[in-house]
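Chain residues, written in single-letter form:
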Amino acid sequence: MNRIFRSGSGVPRPRTISDKTVSGALLPGTFVLIGATQLTQATSASGGRLALLGDRDFYSSQGVGTNTDPLMTPYASGETGIAYLPKPDDEFAAALAAGTYTYGQELTVGAAGRLTAAASGGIVVAHYDQAGKTVSAGELADVVIANSYTKA
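Residues numbered from 1 in each chain as written. Predicted model: local features only at pLDDT ≥ 70, side-chain atom pairs only at ≥ 80, totals over all residues. Heavy atoms only, no water.

**Examining the packing of aromatic side chains**
Move 1: Using the criterion set out here, one finds 2 aromatic pairs in the structure.
Move 2: Look at tyrosine 84 and phenylalanine 92: their rings are 5.7 Å apart centre to centre, the planes differ by 50°, and that puts the pair in the tilted class. Neither tyrosine 84 nor phenylalanine 92 differs from the other in exposure class; each is buried.
Move 3: When the ring of tyrosine 101 is compared with that of tyrosine 128, the centres are 5.6 Å apart and the planes differ by 20°; the resulting orientation is stacked. In this pair, tyrosine 101 is assigned in strand β7 (residues 99–101) and tyrosine 128 in strand β10 (residues 123–128), connecting sequence segments 27 residues apart.
Move 4: Tyrosine 101 gets classed as buried once you look at its relative accessible area, which sits at 2%. (Phe/Tyr/Trp six-rings, centres within 6.5 Å; stacked < 30°, edge-to-face > 60°. Buried < 20%, exposed > 50% of the residue type's maximum accessible area, 1.4 Å probe, protein only. Helix = DSSP H or I, 4+ residues; strand = E, 2+ residues; numbered from the N terminus.)

This is the structure:
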């Protein structure tokens, strides 16, 4: 069962990239840039084609919340990664930077491929899609992908 792609049944699944290796120990739910042969950690919303790393459910039969939680198990450098090509209105569980977020807040890609609050002039790639909350670094939260735009 997929835990990163969150849109309900009846919604077409996003296209996936599954023929590239990861460039380092990258966690599911973080944004990556799609290169010719590798997926590299994104650190901003610009600079290339963005994708969101999928979960590693095949790493654990015990599931979420265990010591071998596939959502907290990073890919190893050189492994083949599974990444989603998000499109507007897709819902995902994505890693966020530490901070306090509110429902509908505009988000951009920041350090370690995590979403963070978009500043004026920044590229908005998603909106926070759950009740307001203070999250710790790397915590997964529900987001809805935006039709990217520059925040006024």
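**Looking at the pattern of salt bridges**
Move 1: Inspection of every chain in the model, using the stated rule, returns 4 salt bridges.
Move 2: Of the charged contacts, one joins aspartate 19 and lysine 20 as a salt bridge, the two residues approaching to 4.0 Å between their closest N and O atoms.
Move 3: Residue class for aspartate 19 comes out exposed when judged on its relative accessible area of 61%.
Move 4: A salt bridge links lysine 133 to glutamate 139; its shortest N-O distance comes to 2.5 Å.
Move 5: Judged by its relative accessible area of 34%, lysine 133 falls in the partly exposed class. (Salt bridge = Lys/Arg side-chain N within 4 Å of Asp/Glu carboxyl O.)

**What about the sheet that holds strand β12 (residues 140–150)?**
Move 1: Spatially, 5 strands are ordered β6-β12-β10-β8-β9 in an open sheet, and the strand pairing comes out antiparallel. Looking at the sheet topology across the chains shown, the edges are occupied by β6 (91–95) and β9 (115–117). Ignoring which end each strand starts from, the neighbouring axes of this sheet average 55° apart.
Move 2: Note that β6 and β12 share 5 bridges and pair antiparallel. (Pairing = 2+ DSSP bridges. Axes fitted to C-alpha atoms, helices over the stretch in contact; angles between N-to-C directions.)

**Observations regarding unusual backbone geometry**
Move 1: A positive phi is found at aspartate 89, a non-glycine position, where the angle reads about 80°.
Move 2: In this structure, aspartate 89 sits in the loop between β5 (80–84) and β6.

**A short note on the sheet that holds strand β2 (residues 31–34)**
Move 1: Read around the closed barrel, the 5 strands follow the order β1-β3-β2-β4-β5; overall the barrel is mixed. Sheet twist, expressed as the mean angle between neighbouring strand axes with direction ignored, is 55°.
Move 2: Where strand β1 (residues 16–22) and β5 come together, 4 bridges link them in antiparallel fashion. Bridged to threonine 21 within β5 is threonine 80.

Function cannot be read off these values alone, since they describe shape.
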